[in-house]
Number of protein chains: 2
Amino acid sequence: MEALDKRIAQQGDLVRSLKSSNADKTKIAEEVAALKTLKAEREALVPKEAATTTPASASTSKSEDKKGKSAFTLKNAKGTKDYTPQEMAVREKIFSTIVQVFKKHGGITIDTPVFELKEILSGKYGEDSKLIYDLEDQGGEKCSLRYDLTVPFARFLAMNGKEYQNVKRYHIAKVYRRDQPAMTKGRMREFYQCDFDIAGTYDPMIPDSECLRILTECLTALDLGDFTIKMNHRKILDGIFEVCGVPEDKIRTISSAVDKLDKLPWADVRKEMTEEKGLDPQAADLIGEYVQLKGGEELLERLYNDAKLGANARAKEGLDDMKVLFRYLNVLNVTRHTSFDLSLARGLDYYTGLIYEAVLEGSAPPTLANGEKARATVKKGTDELDESTVGVGSVAAGGRYDNLVGMFSGLNKKGQPNLVIPCVGVSIGVERVFSILMQKQKKEQIKSNEVEVYVVGLGGVSVEERMKICTELWDAGIKAEFAYKLKPRTQNQWDVCDRDMIPFAVIVGGDEIEKGLVKIKDMRTKDESQKGGLEYPRSEMIAELQKRLAEL
Amino acid sequence: MEALDKRIAQQGDLVRSLKSSNADKTKIAEEVAALKTLKAEREALVPKEAATTTPASASTSKSEDKKGKSAFTLKNAKGTKDYTPQEMAVREKIFSTIVQVFKKHGGITIDTPVFELKEILSGKYGEDSKLIYDLEDQGGEKCSLRYDLTVPFARFLAMNGKEYQNVKRYHIAKVYRRDQPAMTKGRMREFYQCDFDIAGTYDPMIPDSECLRILTECLTALDLGDFTIKMNHRKILDGIFEVCGVPEDKIRTISSAVDKLDKLPWADVRKEMTEEKGLDPQAADLIGEYVQLKGGEELLERLYNDAKLGANARAKEGLDDMKVLFRYLNVLNVTRHTSFDLSLARGLDYYTGLIYEAVLEGSAPPTLANGEKARATVKKGTDELDESTVGVGSVAAGGRYDNLVGMFSGLNKKGQPNLVIPCVGVSIGVERVFSILMQKQKKEQIKSNEVEVYVVGLGGVSVEERMKICTELWDAGIKAEFAYKLKPRTQNQWDVCDRDMIPFAVIVGGDEIEKGLVKIKDMRTKDESQKGGLEYPRSEMIAELQKRLAEL
């Protein structure tokens, strides 16, 4: 392993010197790949824990063990994490808040499987398709883990279109992307999405505007501070590309480059367009003038009046949609949260109309001294992102996708889809919301269990007696626990009540059992008058507790 | 295909005439099976949609398309299904019922990822390991989809053992098995498990008995009819194998054979032991005498008094556990649901003590004319199971696994695990419960959305007016919808109210808007007195609706 470490150090030096001398990019990429291979080899030899901060005792012996008999890595798969009870309490609060909004707008829910036939996902995600997880071919069908909830929903509609011509469905479930994780910012390989989509043929922009209203209600209810919903329209973007002279077959790839404007300065995006993607520099400069525009309704007038864009048929359709949209957004009281932003492009292939993305104020990547946004960088000597350079990014996004269902329905003799169900939807990236809300809370103050009564046994009371009382409580629907010991120590029982913030204790000793009594103690007060609890006949225990619990 | 249709019609007639003439049951079963095979053949020729109720136009062209240009298969991956809004309503009801019981017993919840490092799952599932789904090696770690929720929980405890020495955790999530599906019986490749596990070092059988109480409460609350929890003990089984002369290295594989006794007759299991697994036939016969025993507490005495078994140290430990268990089960009022059944073995490697499995009365596989249970058979000409030959099987199972956490914690110098956390748990197979409950319900009667108010616009009312009223309702927390059309037809709006069982309509026409009025109509009554709805000043709309909704 020492030899390996030496080779890694040497290879690292090589990569750094190539980079600082601005060497040929392909050469650099090759050497970086070689470095990664070496690191992977080393990783296979060492347990992850040794590198992270698990307690020394456990991790040392674990790593010893590894050198010894079992070469076992005790960790989560990369980019995935466990959720502790406290984290689950926060996550479930987020879900219930969002579901409440979804239901308020008539949402019903549908569930689809975690994996789909591979061909269902093909050709839907543009350059991001490389991030799809495939299942191993173990005989049978080729399958992939879902990348989002939208494509499976469209597949569902194509299969069941007759019954679901009009549907507002929400779906809260995990999706999978082989992306570079930034765990503390909620950027993970397994993460939840909360989607709301409206499917059906309706008059323009009515469901679209309701999606923006739903998004606004969700972000407001989640209490995340101020936010901006950037909006743009695929047809306006396409019109811009047309009037700037982008060839039709380059439109999607140039659009992907524009989409990076929230992370990269214009100069870098221009470079990608011209050097990597071979766009005429003049066309790029023209695009640059448009895509750096943003504003509100007034921007619409300016674009209508733009000599070139105003005359472009595609752009005109988009502008007309935006005009109607602004009217509805005013009625729905959400205009103040929106920004008409021509730099927004969204990477996915399937959008056909309005697109949008919500960004929280104060969660953008850090700003550098020169006023530019910091770029996400990789930590020295690792292939991990330096998370201090990463912003939380958008917390929600969505748009209109009128042709996706048709892509699954097959074509008729005229070459048209057999089934067209236009859709518009929004997806809330709940892990990012989660990472923000967790930072606000003190872990110790999150109550993760709901126990109402702890049955405390004092000297000489058998486990059967405590079990019997619990059985009575459970039969009455009261949440109750007792110690799983034959002779539990009294102090340990009080400690559990305190640790789990259990409001009431039922206390029994040998005396009480004989007399048919129990004591009930309110654990939340230090009230001296109740001392060891107030006495009640055993037959009144349930009624008394129910009365007290109702008052909580 | 026409020829096939004719044969199906003829076969159908034959089955009906046999049934009406009260023919021999085996004969009827044979002919029903033949009919099903014919239907399956026809189904294979026609796309799914055509066989159900989708419009002929769509499905025909889809099948044309399939033969034509795109070889696209529009379907779910094998063994997986979508859940419709009605099904989701039933599923969520099941979950909330179970979670309520889990919380009553102090459960907290933890979530783990859908995939784990492959090596985490290795060597935990005995002969069933072949059913594990692997992710394709796309560079990086080798991962597999989780097979159950127990192994990931043990991995979590091994990683976080310091903080979670004692925990009652529940986890409701999907697991994955490449098994032969029987969809209508709830046997699928992607399915939910609802797990409750108690981790920690306690006095014997106290948490074990509470798990059985929890299981009893869940099955009772789900209202599934009568059920039996079969119980056995790994140490008793091991003792039996020892006294019957099974070599130590054959114990697990012989145990797997015993586990099939609920699906196969003893003769077949014996054959597997002797012919496939090379066990001495005399040993097999001895085993046969023991594993066909079942009963209650009295069986315990019989086994204690058994000359061979009573003298076996391992068996003795198991019998002592069972004796304590029966005492607690009596206190917990669950004895009447249990059966001490020596044929229960459970296939998984990791159990170390008490094991159990719950079976519903009346959901066993069909019984043949000769009194034997039917065996699951494969449909002729396919690799699909004939579901009419499959029982729903066990709806829940579990047991004690004291060494699983230690398997992840690595060994110390003395060769002992670094961390030991004994666990006992139960897993409810909610898909099977779901398939039973769905059969009981009429799909049309399941309400899948929660909309409280529909805003109906009559002649000349703009969409903005309806949108504005909805905005007011949403702001007040009322669940409301309106038609996404500029000029919706009146009848269509009433139809939505009826279809979705929406209790109230707010009705506005041009007149009402001018006068600052709305009409509110109770859609559930045909009460003539309210006619087109009762008039209210617009300013009182919210208060009136809130009053009426509170009375629902």
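A. Fine view of helix α11 (residues 266-276) of chain A. Residues and elements named next belong to chain A. Listed in full, the buried residues belonging to α11 are W266, V269, E272, M273 and T274. Buried positions along α11 lie against α10 (251-258) and α12 (281-291). Immediately downstream of α11, the backbone of G278 shows phi near 65°, a positive value.

B. Expanded view of the sheet that holds strand β12 (residues 453-457) of chain A. Residues and elements named next belong to chain A. Pairing within the open sheet is mixed, and its 5 strands lie in the order β13-β12-β14-β15-β16. The sheet is open, and its two borders are formed by β13 (480-482) and β16 (534-537), each paired with just one other strand. Ignoring which end each strand starts from, the neighbouring axes of this sheet average 30° apart. Strands β12, β13, β14 (504-508) and β15 (517-522) of the sheet are contacted by helix α17 (residues 463-475), whose axis makes an angle of about 175° with β13.

C. Local environment of a negative patch on the surface. On the surface, A:E136, A:D137, B:E136 and B:D137 cluster together into a patch of negative charge. Of note, B:D137 is situated in the loop between α6 (118-121) and β3 (143-145). With a relative accessible area of 46%, B:D137 lands in the partly exposed category.

D. Geometry of the interface of chain B and chain A. Between chain B and chain A, the contact holds 109 residues from the first and 110 residues from the second. Here B:R91 makes a salt bridge to A:D111, at a shortest N to O gap of 2.7 Å. The tally of links between chain B and chain A comes to 52 residue pairs in polar contact (both at pLDDT 80 or more). Partitioned by chemical class, the residues of the side of chain B that touches chain A number 45 nonpolar, 24 polar and 40 charged.

E. Inspection of the packing of aromatic side chains at higher detail. Using the criterion set out here, one finds 30 aromatic pairs over all chains in the structure. Aromatic side chains A:F115 and B:Y176 sit 5.8 Å apart centroid to centroid with 50° between the ring planes, which places their arrangement in the tilted category. Here B:Y176 lies in strand β4 (residues 167-176) and A:F115 lies in strand β2 (residues 115-117), a pairing that spans two chains. Accessibility assignment for this pair places A:F115 and B:Y176 in one class, buried. Here B:F102 and B:Y170 contribute two aromatic rings whose centre-to-centre distance is 5.7 Å and whose plane-to-plane angle is 45°, an arrangement assigned as tilted. Linking B:F102 in helix α5 (residues 85-104) with B:Y170 in strand β4, this pair joins segments that are 68 residues apart in sequence. Take B:F102 and B:Y170: they sit in the same class, and that class is buried. Here a set of aromatic residues connected by ring pairs shows up, and it is made of A:Y125, A:Y147, A:Y350, A:Y351 and A:Y401. The ring of A:Y83 carries A:R91 above its face, with NZ or CZ at 4.3 Å from the centroid.

Rules used in this analysis
Residues numbered from 1 in each chain as written. Chains lettered and ligands numbered in written order. Predicted model: local features only at pLDDT ≥ 70, side-chain atom pairs only at ≥ 80, totals over all residues. Heavy atoms only, no water. Buried < 20%, exposed > 50% of the residue type's maximum accessible area, 1.4 Å probe, protein only. Helix = DSSP H or I, 4+ residues; strand = E, 2+ residues; numbered from the N terminus. Contact = heavy atoms within 4.5 Å. Pairing = 2+ DSSP bridges. Axes fitted to C-alpha atoms, helices over the stretch in contact; angles between N-to-C directions. Patch = residues over 30% accessible without salt bridge, like charges linked within 9 Å, V, L, I, M, F, W, Y side chains within 5 Å. Areas by Shrake-Rupley, 256 points an atom, 1.4 Å probe, with all protein chains shown as cover. Salt bridge = Lys/Arg side-chain N within 4 Å of Asp/Glu carboxyl O. Lys, Arg positive; Asp, Glu negative; His and termini not counted. Charge placed at Lys NZ, Arg CZ, Asp CG, Glu CD. Polar contact = N/O pair within 3.5 Å; in protein donor to acceptor, adjacent residues only side chain to side chain. Nonpolar A, V, L, I, M, F, W, Y, C, P; charged D, E, K, R; others polar. Phe/Tyr/Trp six-rings, centres within 6.5 Å; stacked < 30°, edge-to-face > 60°. Lys NZ or Arg CZ within 6 Å of the ring centre and 35° of its normal.

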